[in-house]
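Chain by chain, the residues:
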Amino acid sequence: MKRTLPAFAMVLITLMVGCGETKDSPKASHFEHDHIIAEHWPEDLPDVAAKLRSRLESDSINEQTHAEILDLVTWTPEIAADTNLTEQDWIPLHEATESTLANLRASQSTNLTESDKNQILALCFLIDETANLIPEQLPTFSSNDP
């Protein structure tokens, strides 16, 4: 018994020291993310339209550019939702995004047709119009307001 107690303590200490967090260890929380932000992540809603237009102006759209266009279109509703837009102003942008995504995904090709490009440009125009509807800041209420 005297010999097994120190051996058991050594095994226990070894296990405790070896159980530190490693790169491959599972996350401790569902909210623990790696927070990798794509280089083409837009700063705000008008930047989505600017980035889409710049990619459409490229002479040839390769796989990476096509993937970035898909990303930007996909992120549009999320970025718009992070603004002070009303739901009424946000919904048309969301619906236009869904329609554009459906058409882009249906093509199964990195080559954008003129119809695809025109739809993306129409989305850019809607983004510009919607960005103009964003209130500067939400109203603040004080405790003295009725």
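So, here is what we can say about the structure in this document. (Residues numbered from 1 in each chain as written. Predicted model: local features only at pLDDT ≥ 70, side-chain atom pairs only at ≥ 80, totals over all residues. Heavy atoms only, no water.)

### Some thoughts on the overall build of the chain
The helix and strand inventory of the chain stands at five helices and zero strands. Counting helices and strands in the order they occur from the N terminus, the chain gives α-α-α-α-α. Expressed as a percentage of the 146 residues in the chain, the buried residues total 25%. In the chain, once contacts between residues fewer than 6 apart in sequence are set aside, the share between residues at least 24 apart is 68%. For the chain, the exposed area adds up to about 11000 Å²; of that, 55% sits on carbon and sulfur atoms. (Helix = DSSP H or I, 4+ residues; strand = E, 2+ residues; numbered from the N terminus. Buried < 20%, exposed > 50% of the residue type's maximum accessible area, 1.4 Å probe, protein only. Contact = heavy atoms within 4.5 Å. Areas by Shrake-Rupley, 256 points an atom, 1.4 Å probe, with all protein chains shown as cover.)

### Section: the side chain of aspartate 116
Within the element layout of this structure, aspartate 116 appears in helix α5 (residues 114-131). The side chain of aspartate 116 is buried and forms no salt bridge, while lysine 117, the nearest opposite charge, is found at 8.9 Å. Once residues lying within four places of it in the same chain are set aside, the contact partners of aspartate 116 are Asn103, Leu104, Ser107 and Asn111. (Lys, Arg positive; Asp, Glu negative; His and termini not counted. Salt bridge = Lys/Arg side-chain N within 4 Å of Asp/Glu carboxyl O.)

### Things to note about the pattern of salt bridges
Per the counting criterion, the structure on display carries three salt bridges. Among the ionic pairs, aspartate 47 bridges to lysine 51, the shortest N-O distance being 3.7 Å. Taken as a pair, aspartate 47 and lysine 51 lie in helix α2 (residues 45-56) at a separation of four residues, close to a single helical turn. On the basis of relative accessibility, which here comes to 18%, the residue aspartate 47 falls in the buried class. A salt bridge links glutamate 68 to arginine 55; the shortest N-O distance between them is 2.7 Å. A residue pair is termed long-range when its members are at least 10 positions apart, and glutamate 68 in helix α3 (residues 63-81) and arginine 55 in helix α2 qualify at 13 residues.

### A word on the nonpolar core
Core analysis: the biggest nonpolar cluster contains 22 residues, and Leu45, Leu52, Ile69, Val73, Leu112, Ile120 and Ile127 have the highest contact counts within it. Taken together, the elements giving at least two residues each to this core come down to α2, α3, α4 (87-107) and α5. No other element matches the six residues that α3 contributes to this core. Not counting residues within four places of it along the chain, the set of residues in contact with isoleucine 69 comprises Leu52, Arg55, Leu56, Ile61, Leu104, Leu112 and Ile120. (Core = buried A, V, L, I, M, F, W, Y, C linked by side-chain atoms within 4.5 Å.)

Read these as geometric descriptors, not functional statements.
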